[in-house]
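# Report on the structure
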Amino acid sequence: MRLKSNKTVSRLTDNDVTDERTYLNRRQLLKSMGFVGAGALLSQSAQGIGWFDDDDENVFERRDLSFTQPDQFQINDTVTPEVKSTSYNNFYEFGTDKGDPAENAQDFTVDPWSLTIDGLVEKPITLSYDDLFKRFDLEERIYRLRCVEAWSMVIPWIGFELANILQQAKPLSRAKFVAFQTLYDPEQMPGQRSRFVGGGVDYPYVEGLRLDEAMHSLSILSVGMYGKTLPPQNGAPIRLVVPWKYGFKSIKSIVRITLTEQMPPTTWNRLAPQEYGFYANVNPKVDHPRWSQARERRITTGGLLARNRIETQMFNGYPEVAPLYSGMDLSRFY
Ligand code: MTE
């Protein structure tokens with residue numbers, strides 16, 4: 001998602017494959033020089049991918065969660081090892097390199113937290129940190145996550161349907177859209193202090209959905225992954241997950257959800273409207289202006305030689321959302 005070089009913004013190059021390899025090589029080099037997690041090279045992780053760090057750098061404490069596991073969300077795809085989905089991240093508030101969030105977010109304070117649902121609702125709601133885990137029954141949903149950069153993972157999220165909380169707030173009939181906002185806290189988020197570190201994004205990071213998309217049963221607010229609370233690099237304490245859309249819609253560390261009448265601005269659309277639309281539905285037939293979206297690199301077992309190239313599926317393999325867009329030209333509303 002790197003933008004063209006005439007902007008100060010940086011985002012992915014045309015092909016992200018080299019990104020991971022370069023990243024891995026760099027980490028391996030640093031490790032062999034003794035700079036990164038001294039023991040990590042000796043202890044290959046259970047998944048046999050020793051050059052990803054294990055837990056020695058991740059000091060943020062995560063709690064076990066109780067949740068149900070509904071059958072319909074247990075999918076056949078191989079789940080991405082936790083060590084990968086928690087060390088290869090996009091969270092520009094903590095830096096633009098894939099390893100930056102895991103390195104820079106470990107001291108992130110999530111308790112106390114406050115999440116407000118307001119705007120065109122009858123009953124505005126404010127949730128505390130504890131409310132995030134207590135107010136709704138939590139369930140595990142194994143979803144594919146397809147980044148617009150053409151890589152993907154399969155992640156066991158824990159959370160609840162976004163519709164549950166929106167219904168409690170009672171949207172007014174005028175409400176047509178839902179706007180989301182990430183925490184703005186430059187003291188804790190180095191990317192918000194410097195345009196260089198934060199990729200030129202105007203913070204806070206904002207996202208949006210149409211109200212009917214937000215109400216769809218696949219849209220969840222996630223408070224955990226792999227059985228535990230979220231690590232900060234994945235959006236602790238609460239983030240959106242909309243599995244049929246490119247990953248940039250799944251905004252992290254949310255403090256505010258506002259129902260609106262007008263389509264709200266969204267971070268990547270503001271930066272490069274011709275490249276990133278409001279809808280951002282995964283669609284193998286609509287290429288990014290600078291790269292194909294027909295295929296993706298599935299990050300599973302990995303390793304330097306593993307390519308794991310697979311075909312991208314329409315709506316990321318969630319055809320049940322198609323009725324939301326009936327009659328719309330999806331190459332125009334990308
Ligand atoms: N949310 C915020 N606040 N800031 C970000 O930079 N990056 C997005 C999305 N949510 C981002 C964000 C992008 S581009 C992707 S692909 C996903 O988070 C990545 O989620 P993950 O790191 O948990 O895999």
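Described below are features of the structure shown in this document.

### Examining the overall build of the chain
A tally of helices and strands in the chain yields eight helices and twelve strands. Counting the 334 residues in the chain, one finds 57% classified as buried. Considering only residue pairs separated by 6 or more positions, the chain has 72% of its internal contacts joining residues 24 or more positions apart. With an accessible surface of roughly 14300 Å², the chain has 50% of that area assigned to carbon and sulfur atoms.

### Comments concerning the pattern of salt bridges
As enumerated under the stated definition, the model contains 17 salt bridges in all. The residue E296 makes a salt bridge to R146 at a minimum N-O spacing of 3.0 Å. Of this pair, E296 sits in strand β11 (residues 295-298) while R146 sits in strand β3 (residues 139-146); the two residues are 150 residues apart in sequence, bridging distant segments of the chain. Among the residues examined, R146 registers a relative accessible area of 0% and is labelled buried. Among the ionic pairs, R195 bridges to D202, the shortest N-O distance being 3.8 Å. Bridged by salt links that share partners, the residues D77, R144, R146, E296 and R298 form one connected network.

### Thoughts on the packing of aromatic side chains
Under the definition given, this model contains 16 aromatic pairs. For the ring pair F91 and F94, a centre distance of 5.0 Å and an interplane angle of 85° mean the geometry is edge-to-face. Between Y92 and W268, the ring centres sit 5.8 Å apart and the planes meet at 80°, which makes this aromatic pair edge-to-face. Highlighted residues: Y92 in the loop between α2 (82-85) and α3 (100-104) and W268 in helix α8 (residues 267-271), separated in sequence by 176 residues. Given the relative accessible area of 5%, Y92 is considered buried. Through a chain of ring-to-ring contacts, three or more aromatic side chains come together here, namely F177, F278, Y279, F315, Y325 and F333. Across the ring face of Y88, the terminal group of K98 is positioned such that the distance to the ring centre comes to 5.7 Å. Sitting above the plane of the F278 ring, K249 keeps its charged end 4.3 Å from the centroid.

### What about the pairing of strand β10 (residues 254-260)?
Here β10 lies mainly inside the structure; six of its seven residues are buried. Relative to β10, strand β1 (residues 114-119) is paired through four bridges, and the arrangement is parallel. Each bridged residue has a counterpart across the sheet, and for I117 the counterpart in β10 is I257. In this structure, strand β5 (residues 177-182) lies alongside β10, joined through six bridges in antiparallel fashion. Of the residues in β10, the one forming a bridge with V178 is L259.

### Notes on the environment of L259
Among the structural elements, L259 can be located in strand β10. Assessed through its relative accessible area of 3%, L259 is described here as buried. It is 9.6 Å that separates the C-alpha atoms of L259 and G208, two residues lying 51 residues apart in sequence. The contacts of L259, once residues within four sequence positions are left out, are I117, D118, G119, L120, V121, L166, P171, A175, F177, V178 and L211.

Reading guide: rules and limits
- Residues numbered from 1 in each chain as written.
- Predicted model: local features only at pLDDT ≥ 70, side-chain atom pairs only at ≥ 80, totals over all residues.
- Heavy atoms only, no water.
- Helix = DSSP H or I, 4+ residues; strand = E, 2+ residues; numbered from the N terminus.
- Buried < 20%, exposed > 50% of the residue type's maximum accessible area, 1.4 Å probe, protein only.
- Contact = heavy atoms within 4.5 Å.
- Areas by Shrake-Rupley, 256 points an atom, 1.4 Å probe, with all protein chains shown as cover.
- Salt bridge = Lys/Arg side-chain N within 4 Å of Asp/Glu carboxyl O.
- Phe/Tyr/Trp six-rings, centres within 6.5 Å; stacked < 30°, edge-to-face > 60°.
- Lys NZ or Arg CZ within 6 Å of the ring centre and 35° of its normal.
- Pairing = 2+ DSSP bridges.

Read these as spatial facts, not as claims about activity.
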